[in-house]
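Here are the chains, one letter per residue:
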Amino acid sequence: MTDEELMKIATKAKEGAYCPYSNFHVGAAILCKDGKVYTGVNIENSSYGATNCAERTAIFKAVSEGKREFEAIAVAGDQIDDYTFPCGICLQAINEFMPKGRVILSRNGEIRSFDFAELLPFGFRL
């Protein structure tokens, strides 16, 4: 599967986001090593602390179905002039399950693939 195809799936997934507080829709699509794709959306809660991001939703869905090996995750947000980066908690979840994987982001229609380690703060690289 190409990065463009995975991003298209993530972009479509964001339509299902539940975000009545921020009105910021995010979709994610995670590619398993066996080729299966799981999607996720952000699901907000008025406490914000109980909100779940799209990346973790996709990862947790895949893990709950027995998947443990992943190649890439695409993240699509409403923001078009800059990348919608995974938050710190999502980075930790990605690190748990695919520290050598790729994170695919989009800005102004341009799709870019990052090695996961490129998204970590200086000093925390694998």
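Preceding this paragraph is the structure being described.
Residues numbered from 1 in each chain as written. Predicted model: local features only at pLDDT ≥ 70, side-chain atom pairs only at ≥ 80, totals over all residues. Heavy atoms only, no water.

Peer 1: Can you help me understand the overall build of the chain in this one?
Peer 2: For the chain, the count of helices and strands is three helices and five strands. In sequence order, the chain lays out its α and β elements as α-β-β-α-β-α-β-β. Taking 2.2 N^0.38 as the reference for a compact globule, 126 residues should give roughly 14 Å; the C-alpha atoms of the chain span a radius of gyration of 13 Å, in line with that estimate. Its C-alpha atoms put the chain at 35 × 35 × 30 Å along the principal axes. The buried share of the chain, reckoned over its 126 residues, is 42%. Here the contacts in the chain between residues at least 6 apart in sequence split such that 58% fall between residues at least 24 apart. A total accessible area of about 6900 Å² is found for the chain, and carbon and sulfur atoms account for 52% of it. Positive and negative side-chain charges in the chain, numbering 14 and 17 respectively, have mean positions lying 3 Å apart. (Helix = DSSP H or I, 4+ residues; strand = E, 2+ residues; numbered from the N terminus. Rg over C-alpha atoms; globule rule 2.2 N^0.38 Å. Buried < 20%, exposed > 50% of the residue type's maximum accessible area, 1.4 Å probe, protein only. Contact = heavy atoms within 4.5 Å. Areas by Shrake-Rupley, 256 points an atom, 1.4 Å probe, with all protein chains shown as cover. Lys, Arg positive; Asp, Glu negative; His and termini not counted. Charge placed at Lys NZ, Arg CZ, Asp CG, Glu CD.)

Peer 1: Which parts of the structure should I look at to understand a nonpolar patch on the surface?
Peer 2: A surface patch of nonpolar side chains, about 440 Å² in accessible area, is lined by Tyr18, Tyr21, Ile43 and Tyr48. Checked against the element boundaries, Tyr48 lands in the loop between strand 2 (37–41) and helix 2 (54–64). (Patch = residues over 30% accessible without salt bridge, like charges linked within 9 Å, V, L, I, M, F, W, Y side chains within 5 Å. Salt bridge = Lys/Arg side-chain N within 4 Å of Asp/Glu carboxyl O.)

Peer 1: Even after reading the chapter, I still don't get the side chain of Glu55, so can you show me in this structure?
Peer 2: You can see Glu55 is positioned in helix 2. An unpaired buried charge is present at Glu55: no salt bridge exists, and Arg56, the closest side chain of opposite charge, is 6.6 Å distant. In this view, Glu55 contacts Val26, Ala28, Ile73, Val75, Phe85, Pro86, Cys87 and Cys90; residues no more than four positions away in its chain are not counted.

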